[in-house]
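# Structure at a glance
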Amino acid sequence: MHWLLSGPLSIQRLTVKIAGLPVSLEGKKLVQMSDFHYDGLRLSEAMLEQAIAVSNQLKPDLVLLTGDYVTTSTEPIHHLASRLKQLQSQVGIYAILGNHDIYYKHSKSEITNALTSIGVKVLWNEIAYPFGKQFPLVGLADRYSREFNPKLVMNQLDPEIPRIVLSHNPDTAELLQEWRVDLQLSGHTHGGQIVIPGLGPILVFYKKIVQSIPMKVRYRFPFLQKNYFIIHHWEWAQGLHQVGNNQLYVNRGLGTYLPGRLFCTPEVTEIILQRA
């Protein structure tokens, strides 16, 4: 994607307060990247190279990748993996898969194997402990997978222990209110891509317009029947949100679909952990 359509890469910096965070983890730095859509069209080599360089310059303790490495074909994952191999981290690189990563029958296994081959730990309804037993990292199956089952994982955790949850689709924050989630990291939305400052993603307004058109008219125009609305909670399309007692952060992603981005630049996210 040409930079005129995607906009320049931005670094989003935030500090997240977590109750019960072990003293030893105060000030630890996480880097999140999401929604690469590496397919020769939606993410330029220059943008990818810059994102990797930025992440390494931030010297993260932990790097977290939150899905959609490819778009449809899995073939590009091998080249992408060779590039992501350059990522540096103190305690590891962890990843989850997105809806595009399970597009075909064997997509999940091929993408998982490619990332695993470069030392990235892919979590699929799994719990990892990169910072020790007192601060687990949960990686959920994608929301659109039949294997999406947060109870399977979340019920394994002591509710007194803080944790980070990786879940590609931010809509899952609604379901995850049943459990303690000190920080959920998601992507999927691309931030809405085209945003009206002060109002939000333009798709919110497009959806309202389409829904106001009588169904009998919509049936005559196939493009009005397409599902452009990849999430329900557009108010969570980007940034940090309080969802009940839980915190959700949604990364705007690196890849860009046509017609491009406006007031919604691709991002690498730096997150500093702080005791509440």
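As a starting point, this report considers the structure included with it. Each chain carries its own residue numbering, running from 1 in the written order of its sequence. Thresholds applied to this predicted model are a pLDDT of at least 70 for local features of residues and 80 or more for the giving and counting of side-chain atom pairs; totals over whole chains, interfaces and linings are not thresholded and use all residues. Only heavy atoms go into the side-chain values, all of them from the structure, while hydrogens and water stay out.

Moving on: the overall build of the protein. Secondary structure counts use DSSP, requiring at least four H or I residues in a row for a helix and at least two E residues in a row for a strand, with both numbered from the N terminus. Scanning the protein from N- to C-terminus turns up 8 helices and 14 strands. Over its C-alpha trace the protein gives a radius of gyration of 18 Å, about what one expects of a compact globule, namely 19 Å for 276 residues. With a 1.4 Å probe rolled over the protein chains alone, any residue whose accessible area is under 20% of its type maximum counts as buried; one over 50% counts as exposed, and the rest are partly exposed. Counting all 276 residues of the protein, 56% fall into the buried class. Every residue pair with non-hydrogen atoms within 4.5 Å of one another is taken to be in contact. Across the protein, contacts joining residues at least 24 apart in sequence account for 74% of those joining residues at least 6 apart. Accessible surface is estimated by sampling points in the Shrake-Rupley manner with a 1.4 Å probe; for residues, cover comes only from the protein chains shown. Of the roughly 12900 Å² of accessible surface on the protein, 54% is carried by carbon and sulfur atoms. A residue counts as positive if it is Lys or Arg and as negative if it is Asp or Glu; His and the chain ends are not included. In this description, the location of a charge corresponds to atom NZ of lysine, CZ of arginine, CG of aspartate or CD of glutamate. Looking at the protein, you have 26 positive and 22 negative side-chain charges, and the mean spots of the two groups are 4 Å apart. Both definitions apply: the radius of gyration is a C-alpha atom measure, and the globule rule equals 2.2 Å times residues to the power 0.38.

For this analysis, a salt bridge means a side-chain nitrogen from Lys or Arg found within 4 Å of a carboxyl oxygen belonging to Asp or Glu. Counted under the stated rule, the structure contains 8 salt bridges. Residue Glu 270 is joined to Arg 13 by a salt bridge in which the shortest nitrogen-to-oxygen separation is 3.1 Å. With Glu 270 in strand E14 (residues 267–275) and Arg 13 in strand E1 (residues 10–18), this pair connects stretches of sequence that are 257 residues apart. Classification of Glu 270 as buried rests on a relative accessible area of 8%. Across the pair Arg 83 and Glu 45 runs a salt bridge, and its minimum N-O distance is 2.2 Å. One end of the pair, Arg 83, is in helix H3 (residues 77–84); the other, Glu 45, is in helix H2 (residues 45–57), with 38 residues separating them in the sequence. Salt bridges sharing common partners tie together Arg 13, Lys 29 and Glu 270.

Let us look at a nonpolar patch on the surface. Candidates for patches are residues over 30% relative accessible area with no salt bridge; among them, like charges are joined within 9 Å and nonpolar side chains (Val, Leu, Ile, Met, Phe, Trp, Tyr) within 5 Å. Taken together, Ile 196, Leu 199 and Ile 202 make up a surface patch of nonpolar side chains, about 260 Å² in accessible area. Note that Ile 202 resides in helix H7 (residues 202–211). With a relative accessible area of 38%, Ile 202 lands in the partly exposed category.

Further remarks concern the packing of H2 against H3. In contact at an axis separation of 10 Å, H2 and H3 are set at 35° when each is read in the N-to-C sense. In this structure, the crossing between H2 and H3 has a hand that is right-handed. Of H3, the residues touching H2 (which contributes Glu 45, Leu 48, Glu 49 and Ile 52) are His 79, Leu 80, Arg 83 and Leu 84. The residue inventory of the contact of H2 with H3, partitioned by class, reads 4 nonpolar, 1 polar and 3 charged. Simply put, an axis is a line fit to the C-alpha atoms, just over the touching stretch for a helix, and the angle between two N-to-C directions goes from 0 to 180 degrees. Helix crossings fall into two classes, left-handed where the near helix is turned counterclockwise from the far one by less than a right angle and right-handed where it is turned clockwise. Polarity classes work like this: nonpolar for Ala, Val, Leu, Ile, Met, Phe, Trp, Tyr, Cys and Pro, charged for Asp, Glu, Lys and Arg, and polar for all others, with Gly in that last group.

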